[in-house]
Amino acid sequence: MQPFSASLGLDLPCEKLKAYQHKLKLALIGQSIFGQEVYNKLRKEGHKVVGVFTVPDKNGQADPLALAAEKDGTPVFKFPKWRAKGKPIQEVVAAYKSVGAELNVLPFCTQFIPMDVIDCPKHGSIIYHPSILPRHRGASAINWTLIQGDKKAGFTIFWADDGLDTGPILLQRECDVGQNDTVDDLYNRFLFPEGIKAMVEAVHLIANGKAPRIPQPEEGATYERIQKKEDAEISWDQPAAALHNWIRGHDKVPGAWTTINGQVVTFYGSSLLDASVPAGQELTIKGASRPGLVTKNGLVVFGNDGKMVLVRNLQFEDGKMIPASKYFSADDTTALELTEEEKKIAEDIRAIWKRILSNVAVIEDSTDFFKSGASSMHVVRMLEEIKQKHCGLQLQSEDVYMATKFADFIQMAVRRLRGEDKEEELVIDYVSKNMNNMTVNMPYQCFINGKFIDADDGKTYDTINPADGSVIASVSSASVADVDKAVAAAKEAFENGEWGRMNARERGRIMYRLADLMEEHQEELATIESIDSGAVYTLALKTHIGMSVQTFRYFAGWCDKIQGATIPINQARPNHNLTFTKKEPIGVCAIIIPWNYPLMMLAWKSAACLAAGNTLVLKPAQVTPLTSLKFAELSAKAGFPKGVINILPGSGGLVGQHLSEHPDVRKVGFTGSTPTGKQIMKSAAANLKKVSLELGGKSPLIIFSDCELDRAVKMGMGAVYFNKGENCIAAGRLFVEESIHDEFVRKVVEEIKKMKIGDPLDRSTDHGPQNHKAHLEKLLQYCETGVKEGATLVYGGRQVRRPGFFMEPTVFTDVEDHMYIAQEESFGPVMVISKFKNGDVDGVLQRANATEYGLASGVFTKDINKALYISEKLEAGTVFINTYNKTDVAAPFGGFKLSGFGKDLGEEALHEYLRTKAITVEY
């Protein structure tokens, strides 16, 4: 059924009305900061508030609405009640009538207002109600929205009548309810800010004679009682989702409670926990069929369906609130002995409390902040005053709720100042090696939810140095259980964690910090990359690490520049429409990277993913995990919240497969072979997750006789032998024009003979070892196949006689189109050369495109017209003209055909990790 609110069509922007609105004389009846904000906005819009009717001072403190009105000189009336024995108090009604209001505005009112007052003004009275009427009539509407698990929340502004929230509707607005939203979340995110705007808008509509009065339907109408503490006891014989809704529906007032060890304990901060049962200490709860578990993250309780709810905070009968994870150690904290400097800070804070709690004669150690009359508004004020006075003391609102008594608050503040209660420091077990004139420290465990931990089943495997075949480290081999933990952590961080709430610029700041740390550690990273992948150190330093740093800096700058668009659409007169789009993060992303550029491939995908606001679980190649794990360490030091980045070394068939299938993973970004890419597509299809693939290539490089030959030789060799040929865009096949073919081959062989093959850490080395033994064996087989099929082996094709996995740079000529080496990628230092007839441009184009791949391509010629013609005809995602391997962080990178789809780098990469939401408003 269409929501009742959707039929109203009344979301009329204030700006549209300003030009022709009339001004009204208003009486504001109500209280709170909400009432204060509505008052201020209405006055700013030019309406005259002729009287404010609010509650008496409490504990010597005036209500915020009264404070604002008194400051402006607006008449303020503070009546304790409007009726006595069911009848209006005539003196109160007379005082009200004396102001001559044309409209009563009730933004938030807890008093019963007589109908003599409601009906008195020319335009009657309008009331704000925090639900989508007729659902949830009554004073606890927000609570019941959550208790009953509604997917939508909202508010109604209606015309007051003699019923309880039954008057005709003026306007309504609605919002989505998040799985773990609390009353405070809904109020702060939507009901408060949008409610203020809507109250002002409603007054504009009335002033201009355009306010509707739409009768409430009885279908769907509900009325629920006011939730009081005695009614909020948790009934345990319910599914976990119902328990969670009950707890969050009572958070913070009145608080869902249960009995533990004979004491009433109130639960705050619940979320559904979709993971394996965590380790913890059992806690018996009255009425629960299964004990709860006190874990490092909080108290886990169980529904009658076996599913779990995580509760973060507990409050005892004396008002003391603690993290649920500290239940068994709550009484272990001994009072701190304060230094003289800390005593001065304590007295400064006492003075701040005294200014706020002006009704309290003396701030004693036992003074309770809230029981002395403070509200959430005062919490903000106190924290800001403390921050202004002592900038090193950073406190959060939750800290005040955890320590409401002055003495407890001071103890908490001093512990925070000393750093005693900060999050556990990152504990890292390293494999350390002295090499390359430095000590290299390498983490070797899985990185899950901000911690380095062993694999769930304890399994490890050895990662090998390709330069000599020695074992570098035994690395944790992640299991399916580890995948589930990592995905759960990433999901929690996205949906409920600090990362999901963080503003875009702060996200960018953390990414910039990470780039700085990577640069600070670039020599260590390059050394790890060299010994783990075989990359020549100088290349690793400049490209593997250097471009990784550039990539994070580039995408850090994009964080606060992701924008939607406004779209003109067909108008259905007399209505008007506004359509706009929002770009939103997708959620948990799985990133699976190859072994040829371990850190750079991580950066290409992860930087765009994080800039868009997602969280990630990354699986490095099994044979090159070490720089990814070092990256995890640096990301934690940069300030990424727990769960945002998770790294799982291990088997692609196990970890990669489970990530591709996992229902909570919403996007897979993969770089690797085409067969594996196809398998990922099949797995991802099970729950229709978004996929981007950068797969194999057989990139053609066409060299014409009118090129600069020496440059073509140099660039052609780089196109093949760069990074030992382990390069996704390597020129897999060279087409050389017949008239220069022999000279080109001769010059290439001459240059190869000058190349130094050896230790990748030696600064003079040109050509290092292949990545791993199995790959070397595959390359040798590739060369044997080429010889058997009749291609001419001009140079190389053999393993170098020395320890490690070294292969000679290789050159084949006389390669015909039907041969295996003409069609399949070597992914190694093998130059495959075919000649083409002089001047046969279209013929060589046809041959170059006769491949199922389309990642990259290149052409060398001085004829710019020829070059541009060929660039248009080549079926590849990248075309290089008179250069090769020229990638940049700002230029999109990706392939066509069986080389995959989707882009890394540049603005286009962001869209791989975003979803577009279209929103249409009728007004």
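Residues numbered from 1 in each chain as written. Predicted model: local features only at pLDDT ≥ 70, side-chain atom pairs only at ≥ 80, totals over all residues. Heavy atoms only, no water.

**Q** How do you make sense of the overall build of the protein when you look at a structure like this?
**A** For the protein, the helix and strand inventory stands at 28 helices and 40 strands. Referenced to the eigenvectors of the C-alpha coordinate spread, the extents of the protein come out at roughly 110 × 70 × 50 Å. Here the protein holds 923 residues, and the buried ones make up 55% of them. Put simply, 70% of the contacts in the protein that link residues at least 6 apart link residues at least 24 apart. Surface accessibility of the protein: about 39600 Å² in total, with carbon and sulfur atoms responsible for 50%. A distance of 3 Å separates the average location of the 107 positive side-chain charges in the protein from that of its 116 negative side-chain charges. (Helix = DSSP H or I, 4+ residues; strand = E, 2+ residues; numbered from the N terminus. Buried < 20%, exposed > 50% of the residue type's maximum accessible area, 1.4 Å probe, protein only. Contact = heavy atoms within 4.5 Å. Areas by Shrake-Rupley, 256 points an atom, 1.4 Å probe, with all protein chains shown as cover. Lys, Arg positive; Asp, Glu negative; His and termini not counted. Charge placed at Lys NZ, Arg CZ, Asp CG, Glu CD.)

**Q** Is there a simple way to think about unusual backbone geometry in this case?
**A** Trans is the common state for peptide bonds, and a negative phi is the common state for residues other than glycine. Following Leu133, the chain continues into Pro134 via a peptide bond in cis, with omega recorded as 15°. With respect to the secondary-structure elements, Pro134 resides in the loop between strand 7 (125-129) and helix 6 (141-147). At Asp165, a position not held by glycine, the phi torsion is positive, near 60°. Mapping Asp165 onto the fold places it in the loop between strand 8 (152-159) and strand 9 (169-176). Relative accessible area serves as the criterion here: at 12%, Asp165 is assigned to the buried category. A positive phi angle, near 55°, is found at Asn261, a position not held by glycine. Mapping Asn261 onto the fold places it in the loop between strand 10 (256-260) and strand 11 (263-273).

**Q** Even after reading the chapter, I still don't get the packing of helix 9 (residues 340-356) against helix 12 (residues 406-418), so can you show me in this structure?
**A** In a packed pair of helices, the relevant descriptors are the angle between the two axes and the axis-to-axis distance. Two elements in contact, helix 9 and helix 12, have axes whose closest approach is 11 Å; the angle formed by their N-to-C orientations is 130°. Put simply, helix 9 runs oblique to helix 12. Pair helix 9 / helix 12 crosses with right-handed handedness. For the pair formed by helix 9 and helix 12, the contact residues are Glu342, Ile345, Ala346, Ile349, Arg350 and Trp353 on the first element and Phe406, Phe409, Ile410, Ala413, Val414, Leu417 and Arg418 on the second. Looking at the contact of helix 9 with helix 12 residue by residue, the classes come out as 10 nonpolar, no polar and three charged. (Axes fitted to C-alpha atoms, helices over the stretch in contact; angles between N-to-C directions. Parallel < 35°, antiparallel > 145°, perpendicular 65-115°, else oblique. Left-handed = near helix turned anticlockwise from the far one by under 90°. Nonpolar A, V, L, I, M, F, W, Y, C, P; charged D, E, K, R; others polar.)

**Q** Please explain the UniProt feature "site: Essential for catalytic activity" (unreviewed entry) in the protein as it appears in this structure.
**A** UniProt feature "site: Essential for catalytic activity" (unreviewed entry): in the numbering of this structure it lies at Asp165. If we skip the residues at most four places from it in the chain, Asp165 touches His129, Leu133, Arg137, Gly138, Phe158 and Gln216. (UniProt positions renumbered as here; feature names shortened; annotations may be inferred.)

**Q** Just checking my understanding: could you explain the sheet that holds strand 40 (residues 914-922) for this structure?
**A** Backbone hydrogen bonds hold the strands of a sheet together, and the pairing may be parallel or antiparallel. The three strands are arranged 23-24-40 in an open sheet whose pairing can be described as antiparallel. At either end of the open sheet lies a strand with only one pairing partner, and these are strand 23 (566-567) and strand 40. As defined by bridge partners, strand 24 (residues 577-585) adjoins strand 40 across nine bridges and the pair is classed as antiparallel. Paired with Glu584 across the strands is Arg915, a residue of strand 40. (Pairing = 2+ DSSP bridges.)

**Q** Where do I start with the packing of aromatic side chains in this structure?
**A** Centre distance and the angle of the planes are the two values used to describe a pair of aromatic rings. This model, assessed by the stated rule, comprises 28 aromatic pairs. With a centroid separation of 5.2 Å and 90° between ring planes, the pair formed by Tyr327 and Phe328 is classed as edge-to-face. Looking at Tyr327, the relative accessible area reads 14%, which means it is buried. Measuring from ring centre to ring centre gives 5.1 Å for Trp604 and Phe893, while their planes differ by 65°; the resulting arrangement is edge-to-face. Pair noted here: Trp604 is in helix 18 (residues 598-611) and Phe893 is in the loop between strand 37 (878-881) and strand 38 (896-897), with a separation of 289 residues, a long-range link. For the pair Trp604 and Phe893, a shared accessibility class is recorded, and that class is buried. An aromatic cluster is present here, built from Phe34, Tyr128, Phe155, Tyr187, Phe190 and Phe192 joined pairwise through their rings. Note that Arg213 overlies the ring of Trp159, its terminal NZ or CZ placed 3.7 Å from the centroid. Positioned above the aromatic ring of Phe302 is the side chain of Arg290, whose terminal nitrogen or guanidinium carbon lies 3.7 Å from the ring centre. (Phe/Tyr/Trp six-rings, centres within 6.5 Å; stacked < 30°, edge-to-face > 60°. Lys NZ or Arg CZ within 6 Å of the ring centre and 35° of its normal.)

**Q** Would you take a moment to explain the sheet that holds strand 7 for this structure?
**A** If you trace the seven strands from one edge of the open sheet to the other, you get 3-2-1-6-7-8-9, paired in mixed fashion. A strand with exactly one partner marks an edge of an open sheet, and here the two such strands are strand 3 (76-78) and strand 9. Within this sheet the neighbouring strands show an average axis-to-axis angle of 15°, counted without direction. Where strand 2 (residues 48-54) meets strand 3, three bridges bridge the pair, whose relative direction is parallel. What sits directly across from Val52, in strand 3, is Val76.

**Q** Would you mind going over the side chain of Gln31 with me for this structure?
**A** Here Gln31 shows up in the loop between strand 1 (25-29) and helix 2 (32-44). Taking the relative accessible area as the measure of exposure, Gln31 reaches 12% and is therefore buried. A polar contact of 2.8 Å, which involves the side chain of Gln31, links it to the side chain of Thr110. Dropping the residues within four chain positions of it, Gln31 is found in contact with Thr54, Val55, Asp63, Leu65, Phe108, Cys109 and Thr110. (Polar contact = N/O pair within 3.5 Å; in protein donor to acceptor, adjacent residues only side chain to side chain.)

**Q** Quick question: what am I supposed to make of the pattern of salt bridges here?
**A** All chains considered together, the criterion is met by 44 salt bridges. A salt bridge links Glu385 to Arg355, with the nearest nitrogen and oxygen atoms 2.7 Å apart. A residue pair is termed long-range when its members are at least 10 positions apart, and Glu385 in helix 10 (residues 376-389) and Arg355 in helix 9 qualify at 30 residues. Among the charged side chains, a network of salt bridges with common partners joins Glu524, Lys630, Glu633 and Lys637. (Salt bridge = Lys/Arg side-chain N within 4 Å of Asp/Glu carboxyl O.)

**Q** Sorry, what's going on with the packing of helix 16 (residues 522-533) against helix 19 (residues 626-638) here?
**A** Running from N to C, helix 16 and helix 19 point in directions that differ by 155°, and their axes come no closer than 9 Å. When the axis of helix 16 is compared with that of helix 19, the two are roughly antiparallel. In contact with Glu524, Leu525, Ile528, Glu529 and Asp532 of helix 16, helix 19 contributes Leu626, Thr627, Lys630 and Leu634.

**Q** I'm lost on the pairing of strand 14 (residues 298-302) in this one. Help?
**A** Looking along a regular strand, one sees side chains alternate from face to face of the sheet. Counting buried positions over the five residues of strand 14 gives five, a clear majority of the element. One ladder, built from three bridges, connects strand 13 (residues 292-295) with strand 14; its direction is antiparallel. Considered in strand 14, the bridge of Leu293 is made with Val300. Connecting strand 13 to the antiparallel partner strand 14 that follows it, the hairpin turn spans two residues. Bridge analysis of strand 14 against strand 15 (residues 308-315) gives four bridges, and the strand direction is antiparallel. What sits directly across from Phe302, in strand 15, is Met308.

**Q** Explain helix 7 (residues 183-207) to me, please; I cannot follow it from the model alone.
**A** Within an α-helix, residues lying three or four positions from one another point in the same direction, as the helix has 3.6 residues per turn. Residue Leu191 marks the point of greatest curvature in helix 7, where the axis turns by about 35°; the proline Pro193 follows within four residues. One or two residues past the end of helix 7 sits Gly209, with phi positive at roughly 70°. (Bend = angle between axes of the 7 residues up to and from the residue.)

**Q** How do you make sense of the environment of His911 when you look at a structure like this?
**A** Within the secondary structure, His911 is located in helix 28 (residues 906-911). Between the alpha carbons of His911 and Glu584 there is a distance of 9.6 Å; along the sequence they are 327 residues apart. Sequence-distant contacts of His911, defined by excluding residues within four places in its chain, comprise Lys583 and Lys690.

**Q** Please clarify how empty space enclosed by the protein should be interpreted in this entry.
**A** Where empty space is left can be seen by rolling a probe of water-molecule size over the atoms. For the structure on display, the rule yields four cavities of 30 Å³ or more. If you add up the space inside the largest cavity, you get close to 100 Å³. Surrounding the largest cavity, 16 residues form its lining, Ala730, Ala731, Gly732, Ser826 and Phe827 being those nearest its centre. Listing elements by their share of the lining of the largest cavity, those giving two or more residues are strand 31 (731-737) and strand 34 (830-836). Looking at side-chain class alone, the lining of the largest cavity contains eight nonpolar, six polar and two charged residues. Of the volumes computed, that of the second largest cavity is approximately 60 Å³. Lining the second largest cavity are 14 residues; nearest its centre among them are Pro700, Thr851, Tyr853, Gly854 and Glu875. (1 Å grid on protein atoms, 1.4 Å probe; cavity = no way out; pocket = protein on both sides within 12 Å on 5 of 7 lines; lining within 4 Å. Points joined across faces, edges and corners; volume = space filled by probe spheres on them.)

**Q** Teacher, can you tell me more about the environment of Ser470 here?
**A** Looking at the element boundaries, Ser470 is found in the loop between strand 21 (460-464) and strand 22 (471-476). In this structure, the C-alpha to C-alpha distance between Ser470 and Pro803, residues 333 residues apart in sequence, is 9.7 Å. Setting aside residues up to four positions removed in sequence, Ser470 forms contacts with Thr463, Ile464 and Asn465. Separated by 2.7 Å, the side chains of Ser470 and Asp468 make a polar contact.

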